[in-house]
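Survey of secondary and tertiary structure
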Amino acid sequence: GQFEGEGIYKLSFWIKNDRSKYRINAGGVAPMEGDMKILIESDKQIEDWQYLEYEISVPKDWHLRMELNILQPGTFWIDDVRIERI
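For every chain, the first residue of the written sequence is number 1, and numbering continues from 1 along that sequence. Given that this is a predicted model, residues contribute local features only at a pLDDT of at least 70 and side-chain atom pairs are listed and counted only at 80 or more, while totals for whole chains, interfaces and linings are drawn from all residues. Calculation of side-chain values draws on the structure's entire complement of heavy atoms; hydrogens and water are dropped beforehand.

1. A short note on the packing of aromatic side chains
Aromatic rings from Phe, Tyr and Trp, taking only the six-membered ring of Trp, are treated as a pair when their centres fall within 6.5 Å; an angle between ring planes under 30 degrees marks them as stacked, one over 60 as edge-to-face, and anything in between as tilted. One pass over the structure, following the stated rule, counts 3 aromatic pairs. Measuring from ring centre to ring centre gives 5.1 Å for tryptophan 14 and tyrosine 51, while their planes differ by 55 degrees; the resulting arrangement is tilted. Linking tryptophan 14 in strand β1 (residues 7-18) with tyrosine 51 in strand β4 (residues 46-58), this pair joins segments that are 37 residues apart in sequence. Given the relative accessible area of 33%, tryptophan 14 is considered partly exposed. Every helix listed is a DSSP run of H or I at least four residues long, and every strand listed is a run of E at least two residues long, numbered separately from the N terminus. Partly exposed residues are those whose accessible area sits between 20% and 50% of the maximum for their type, while under 20% is buried and over 50% is exposed, using a 1.4 Å probe and protein chains only.

Take a look at the structure:
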């Protein structure tokens, strides 16, 4: 697919948060193995949209995976998620 194979990918998005706790992970994965890293885990109140950007390295024969986990009730917004090979 588009996000498969060796390379560096830029992952960017905008978030807001009201009382929820969340975690965003990303990394390279392959069948039965992977190298996922926590990009951000927080319960911090974010009243205005906040832009976040990360670079993720993916090894040969692996593909990029992103996970969003909501860990505590509240309201969480994420918008304009972009993934680009750089």
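2. Here we look at the sheet that holds β4
We treat two strands as partners when DSSP finds at least two bridges between them. In space, the 3 strands of this open sheet follow the order β4-β1-β6, with antiparallel pairing throughout. In this open sheet, the two strands that pair with only one neighbour each are β4 and β6 (75-85). Looking at each pair of strands side by side, their axes are set apart by 15 degrees on average, direction ignored. When β1 meets β4, the two strands line up antiparallel, connected through 10 bridges. Angles here are taken between N-to-C directions and fall from 0 to 180 degrees, while the axes themselves are lines fitted to C-alpha atoms, restricted in helices to the stretch in contact.

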